[in-house]
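Read off the chains here:
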Amino acid sequence: MKRAGFWLLAFCVLLSVFSAWQSYAQPGEGEDRTLSPYFFVNSNNPDADRLPLKSTKASVNISGVIADVLVTQVYKNAGRKPLEAVYIFPASTRAAVYGMKMTIGERVIEAKIKKRDEARREYEQARDAGKNASLLEQQRPNVFQMNVANIMPGDEIKVELRYTELLVPTDRVYEFIYPTVVGPRYSSQKAAGASPSEHWVENPYLHQGELSATAFDITVAINAGMPIKDLSCSSHKVKAVYENQTLAKVSLDKAEVHGGNRDYILRYRLDGDKIQTGLLLFQGARENFFVLMAQPPRKITNVGIPGREYIFIVDVSGSMRGFPLNISKKLLSDLIGNLRVTDRFNVLLFSGGSFLMAEESLPATRENIQKAVDTIERQQGGGGTELLPALHRALSLKKKNDFSRTVVIVTDGYVRVEEEAFDLIRKNLNNANMFAFGIGTSVNRHLIEGLAHVGMGEPFIITRPDVAHIQAQRFRKMIQTPVLTQVKVRFRGFDAYDVEPLTVPDVMAERPVLVFGKWRGNAGGTVTISGVSGGGRYSESMKVENFKAAKDNAALKYLWARHRITLLSDYNRLRGNDERIGEITELGLHYNLLTAYTSFVAVDNQVRNVNGKWTTIKQPLPLPEGVSDSAVGSPGHYAAAPVAQRGWGMGLRMKTSISEDKLAVREAEVSEKKEEAQKISFTDVVSEKGLTSNEISDVLRAHTGDIKKCLAGLKAAGTVKLRFTVNPDGTVKKAEIISGAIVNAGFRQCVIDRVKKWVFPATKNKKEVTVTLSIVLS
């Protein structure tokens, strides 16, 4: 009797322990748990296959300037229980994903494009009904998520997706990049309150140096149409076989079977020594598409270069104070100090207002350069920020005839940018080239990339002082040889419409010009490119009839739509707009493209999992090559057992190692002893309607350094409760510390002063928004 009582008591204790573990560990259950990656812990339990993705292979065909990519993912269940596999993987931001299919044995199911919510609902209904299904969603412009449901024991399911992208050469070098792995990402959002589209952040990772069990392979076939030179792969061991001078096939060395922990980078060069123009045409059932590419000559003499003018628009607002502004000073001293005597330049500083060095651009003499450097060096940073007035003022400056004007915007990206600023850039590309430099450790990349997209240029990001000179050199190389300025493209007898960009930037020796569009009627008439070169007026016409519409150019419709979607998305990040979201959705549905608002879903009609029980497995990812365990967090941050199950008992996820590997605990202790830097995190973020959690998180991440600066080297621990009010225009009206550990009075005032300088996106409801949060010091 006593023995029975003992075992009953022991059972109750164990049950209570497991219940406590479950309430702590289940995703979405803990009130204070934020979304974050974690380390994968394998299990000897044969019931559930923890690594269902067996292989991923890319077959790439490059024809001219268009790459068409077939990605094949093979999922196999070597366990004893049905699985749902979840796999996070990257893609190029230029990729237009236009197709997906699922193969189970001999059954092939073509995926359909649907609105995101509809696709998710259809997938979950099929999964719950025991059917095989797959779902492809876009979580970020370059992060995708694949779900595959009801992989039965012994099953092998193959999912194929297709995408295309345009290869745009720089300095005559063509580069194809195949991203292989998504690095660890963090979010300050609580798991319980986060939207489903944010949960991809919470993904398991292997340890540094640990090889993935997923086999990786890639083959690339190049049909360049011109002799190929200097073909190389800097990232992987490959073998290149040439069928002739214009055709090459590149295969991956067998030793690279575990090479899925770093991006695949392939580069090659073509011959050419003059301005080349080319027109690609596709004739569809309802719409016709074209792409015009103007390729500059490889060798430029000073005689062939027009005069050059540079206007530097520099953000000197409060968020630039300190490190970002110091980098800006170094960058601008480098750029301005290396101008030619024949160049002209000007400097416009902006925050709440603006300061212009001269009403008309000055010659790049030693005296004028020193004056500009001294002006910039005196800046300390302060005030709010508005880009639009600064752009208007820069573009209205008097311009010398036949000079190539380049506007360089230098900012950390935490500025108020109106939609009109993007419009202004797009409409003035034939008057000025636009380039954006993002400065600081937490640059608002969305804005910098958006400025680059509308300016048909490239983003330049500088996060460390030692990178400034390298990026300055890269920028100078790109823009120092304008081949044509005041470029215009005219269509005569060729009915072109929906043309992007609205105006055409200068043709640079390092950067070709692309024009996308649609056309009606017959493929006839002429296309003329005109401009001004160092030798005077330039004009070249081509007869459209010399370029035949080809079925091989079917990708043009996807590329046009993808370009349009990218542009709309950039605008939408400035100000959320239901009409734009509707347009992006319609483009995705009409052109069969994956977007933030459309997804691919494939469902098999056959019911195979009759009891409706499955285990959800998040495919663990390898850490990118060169990334240490610290990118995920403490070595004690683990996941054990399947993340979520239906009908198979409890899912268990632990932030500290309890019973797996005692070594993990020792590693965590060593890590804590080594970690002496002040850690700061934002938690318990609560906001009224008007700002999204993503918008708030972006600003908080960008200003973590503000809090560290306020500590001024002091080591502190505890939690500070902060409350602030955001004006409808995104500026902060007032801020206060309402409770918590205070290091000293100076720290309190410093935090309040810095928070008041933060800039958020304009509130969607055009009302003030109150935000409260906790600052955790550890």
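Residues numbered from 1 in each chain as written. Predicted model: local features only at pLDDT ≥ 70, side-chain atom pairs only at ≥ 80, totals over all residues. Heavy atoms only, no water.

Draft legend 1. Representation of the packing of helix H3 (residues 323–337) against helix H4 (residues 366–377) in the model. Running from N to C, H3 and H4 cross one another at 175°; their axes reach a closest spacing of 10 Å. Compared by their axis directions, H3 and H4 come out roughly antiparallel. Between H3, through Lys-329, Leu-332, Ser-333, Ile-336 and Gly-337, and H4, the contact on the second element is made entirely by Ile-369, Ala-372, Val-373, Ile-376 and Glu-377. Classifying every residue of the contact of H3 with H4 by side-chain character gives six nonpolar, two polar and two charged. (Axes fitted to C-alpha atoms, helices over the stretch in contact; angles between N-to-C directions. Helix = DSSP H or I, 4+ residues; strand = E, 2+ residues; numbered from the N terminus. Parallel < 35°, antiparallel > 145°, perpendicular 65-115°, else oblique. Contact = heavy atoms within 4.5 Å. Nonpolar A, V, L, I, M, F, W, Y, C, P; charged D, E, K, R; others polar.)

Draft legend 2. Quick peek at the sheet that holds strand E17 (residues 264–270). Spatially, three strands are ordered E11-E17-E14 in an open sheet, and the strand pairing comes out antiparallel. The open sheet has two edge strands, strand E11 (173–178) and strand E14 (228–233), and neither has a second partner. Here the strands of the sheet are splayed against their neighbours by 15° on average, with no regard to which way each runs. Note: E11 against E17, six bridges, orientation antiparallel. Bridge assignment links Tyr-174 to a residue of E17, and that residue is Tyr-268. (Pairing = 2+ DSSP bridges.)

Draft legend 3. Examining the sheet that holds strand E5 (residues 96–104) more closely. Strand order in the open sheet made by the eight strands is E6-E5-E10-E3-E2-E13-E16-E15, with mixed pairing throughout. Strand pairing shows two members of the sheet lacking a second neighbour, strand E6 (107–110) and strand E15 (238–244), which therefore form its edges. The mean angle between the axes of side-by-side strands here comes to 15°, regardless of whether they run parallel or antiparallel. Relative to strand E10 (residues 156–166), strand E3 (residues 66–76) runs antiparallel, the two sharing 11 bridges. Residue pairing in the sheet places Thr-72 in a bridge with Glu-160 of E10.

Draft legend 4. Local environment of the nonpolar core. Membership of the largest hydrophobic core comes to 117 residues, with the highest contact counts inside it found for Leu-136, Phe-176, Ile-218, Tyr-264 and Ile-313. Here this core takes 10 residues from helix H9 (residues 555–574), the largest share from any one element. Ile-313 has contacts with Leu-348, Phe-350, Leu-387, Ala-390, Leu-391, Ala-394, Val-407, Val-408, Ile-409 and Val-410, leaving out every residue within four places of it along the chain. Counting 37 residues, the second largest nonpolar core, distinct from the first, contains Ile-327, Val-347, Phe-460 and Ala-468. (Core = buried A, V, L, I, M, F, W, Y, C linked by side-chain atoms within 4.5 Å. Buried < 20%, exposed > 50% of the residue type's maximum accessible area, 1.4 Å probe, protein only.)

Draft legend 5. Highlighting the pattern of salt bridges. Applying the stated criterion across every chain, the model contains 27 salt bridges. The closest approach of N and O atoms between Glu-165 and Arg-94, which form a salt bridge, is 3.7 Å. On the criterion of sequence distance, the pair formed by Glu-165 in strand E10 and Arg-94 in the loop between strand E4 (83–90) and E5 is long-range, its members being 71 residues apart. Judged by its relative accessible area of 1%, Glu-165 is buried. For the salt bridge of Glu-122 with Lys-114, the shortest nitrogen-to-oxygen distance reads 2.4 Å. According to the relative accessible area criterion, Glu-122 is partly exposed, its value standing at 25%. (Salt bridge = Lys/Arg side-chain N within 4 Å of Asp/Glu carboxyl O.)

Draft legend 6. Representation of the packing of aromatic side chains in the model. Here the structure, examined in full by the defined rule, presents 21 aromatic pairs. Measuring from centroid to centroid gives 6.4 Å for Tyr-310 and Phe-312, while their planes differ by 25°, and the two rings are stacked. The class of Tyr-310 is buried, set by a relative accessible area of 3%. The exposure class assigned to Phe-312 is buried, which follows from its relative accessible area of 1%. Between Phe-460 and Phe-475, the ring centres sit 5.6 Å apart and the planes meet at 90°, which makes this aromatic pair edge-to-face. Separated by 15 residues along the polypeptide, Phe-460 in strand E26 (residues 459–462) and Phe-475 in helix H8 (residues 465–479) bring together distant segments of the chain. (Phe/Tyr/Trp six-rings, centres within 6.5 Å; stacked < 30°, edge-to-face > 60°.)

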